[in-house]
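Spelled out from the first residue to the last, the chains are:
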Amino acid sequence: METRVDEIAERIYRLSTFLPAVGPSGFTFNQFLVDAEQPLLFHCGQRALFPAVSRAAARVMDLRRLRFIAFSHVEADECGALGEWLDAAPSATVTHGAIGCAIWLNDQSPRPPRALGDGEVLDLGGRRVRRLDTPHVPHCWDAGLLYEETTGTLFTSDLFTHVGDPPAVTDGDIMGPAVAAEKQFGYTGVTPATGATIRRLAGLAPRTLAVMHGSSFSGAAAPLLGSLAGFYDELLQKGPAAGRG
């Protein structure tokens, strides 16, 4: 098992592990490392991936420098290896939204977590990441995303998921593959608030989308997010049986 390292924006690194046996054509599991005075890791990956991912991260920096660990929601590929990362980075603090801390981290984290409010900014020294509460987007009550203001990078978690082992970064179509994956897997918790939540993200006008499964996107991302919001609005109106399968 090998984890690739690619710089998708200035000093923001994609740590990508391709598992060919997952799904019909394989699946990438991507974590993202923000290298700053106080570095941050977004997503931990599953525990089984920790040896490969941590070796890849160590090619970028000494893991003991890591100061913050964050993730979108409680799920194995988001935070399964949290304990291993905290062991490797003894000065790191895990951060999450208030709901996630209340329902899980306050009880289960090996070290006390730091709860971030909606819109709260972490100044990493040379990079600034803003927490955005996105309940049930892509899924789970505690869901939230991070936006790195300096580079305009939005860490999208499962939004724009697509299958296979595509390039690390693209300026091409990720909307079509993302719609195909949604129709195949039905992974998003579609509610009346889904479209509005994604349009809020579009309002940030991000320049890079750091996608958890598939290629990251480089370019004007607001139109893509608007299209994704429209897709979920339509899916909600038609009902899951009409839009998936």
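Just so it is clear, the model here is predicted, and its values are computed rather than measured.

### Some details on the overall build of the protein chain
When helices and strands are tallied, the protein chain shows 8 helices and 14 strands. For 245 residues, the compact-globule estimate of 2.2 N^0.38 gives 18 Å, and the protein chain sits close to it at 17 Å. Here the protein chain holds 245 residues, and the buried ones make up 54% of them. Sequence separation of 24 or more characterises 61% of the internal contacts of the protein chain that already satisfy a separation of 6 or more.

### Concerning empty space enclosed by the protein
Taken as a whole and judged by the stated rule, the model has 1 cavity of 30 Å³ or more. Every residue along the wall of the largest cavity is listed here: Phe42, Ala70, Phe71, Thr95, His96, Leu116, Arg131, Gly144, Leu145 and Leu146. If you list the elements that add at least two residues to the lining of the largest cavity, you get β6 (93–97) and β10 (144–148). If one sorts the elements of the lining of the largest cavity by residue count, β10 sits on top with 3 residues.

### Overview of the side chain of serine 215
Of note, serine 215 is situated in the loop between β13 (208–211) and β14 (216–218). Residue classification places serine 215 among the buried residues on the basis of a relative accessible area of 2%. From its side chain, serine 215 meets the backbone oxygen of proline 167 in a polar contact 2.5 Å long. Not counting residues up to four positions away in its chain, the partners in contact with serine 215 are His162, Pro166, Pro167, Ala168 and Thr170.

### Some remarks on unusual backbone geometry
Cis geometry marks the peptide bond from valine 137 to proline 138, where omega comes out at 5°. Residues other than glycine seldom take positive phi values, yet cysteine 140 does so here, at roughly 85°. By the element assignment, cysteine 140 lies in the loop between β9 (128–133) and β10. The class of cysteine 140 is partly exposed, set by a relative accessible area of 28%.

### Quick word on the state of the cysteines
Considering all chains together, one arrives at 0 disulfides under this definition. Here cysteine 79 is not disulfide-linked; the sulfur of cysteine 44 is the nearest cysteine sulfur, at 6.4 Å.

### Describing the pairing of β6
Looking along a regular strand, one sees the side chains alternate between the two faces of the sheet. A large share of β6 lies buried, amounting to 4 of its 5 residues. In the sheet, strand β5 (residues 68–70) pairs with β6 via 3 bridges, with the strands oriented parallel. Residue phenylalanine 68 lies in a different strand from β6, and its bridge partner there is threonine 93. Note: β6 against strand β7 (residues 114–116), 3 bridges, orientation parallel. Bridged to histidine 96 within β7 is alanine 115.

### Here's the deal with the sheet that holds strand β12 (residues 169–170)
Strand order in this open sheet of 7 strands is β8-β9-β10-β11-β13-β14-β12, and the pairing throughout is mixed. At either end of the open sheet lies a strand with only one pairing partner, and these are β8 (121–123) and β12. Sheet topology places β10 next to strand β11 (residues 153–157); 3 bridges connect them, and they run antiparallel. Bridged to leucine 146 within β11 is phenylalanine 155.

### Topic: helix α4 (residues 98–108)
Those residues of α4 not exposed but buried are Gly100, Cys101 and Leu105. Each buried residue of α4 sits inside an arc of 85° when the element is viewed along its axis, so together they form one side. Exposed residues on α4 whose side chains face more than 90 degrees from its buried face are Ala102, Asn106 and Asp107. Taken together, the buried residues of α4 touch α3 (82–88), β6 and β7.

### Description of the sheet that holds β7
Pairing in this open sheet of 7 strands is mixed, and the strands run β1-β2-β3-β4-β5-β6-β7 from one edge to the other. Sheet topology places β1 (3–9) and β7 at the edges, where each strand pairs with a single neighbour. When strand polarity is set aside, the average angle formed by the axes of neighbouring strands in this sheet is 25°. Sheet topology note: the strand β2 (residues 12–19)/strand β3 (residues 27–34) ladder contains 8 bridges and is antiparallel. Residue pairing across strands places threonine 17 opposite phenylalanine 29, the latter belonging to β3. Contacts from α4 reach β6 and β7, with the element oriented near 115° to β6.

Cut-off values and rules
- Residues numbered from 1 in each chain as written.
- Predicted model: local features only at pLDDT ≥ 70, side-chain atom pairs only at ≥ 80, totals over all residues.
- Heavy atoms only, no water.
- Helix = DSSP H or I, 4+ residues; strand = E, 2+ residues; numbered from the N terminus.
- Rg over C-alpha atoms; globule rule 2.2 N^0.38 Å.
- Buried < 20%, exposed > 50% of the residue type's maximum accessible area, 1.4 Å probe, protein only.
- Contact = heavy atoms within 4.5 Å.
- 1 Å grid on protein atoms, 1.4 Å probe; cavity = no way out; pocket = protein on both sides within 12 Å on 5 of 7 lines; lining within 4 Å.
- Points joined across faces, edges and corners; volume = space filled by probe spheres on them.
- Polar contact = N/O pair within 3.5 Å; in protein donor to acceptor, adjacent residues only side chain to side chain.
- Disulfide = S-S within 2.5 Å.
- Pairing = 2+ DSSP bridges.
- Arc of directions from axis to C-beta.
- Axes fitted to C-alpha atoms, helices over the stretch in contact; angles between N-to-C directions.

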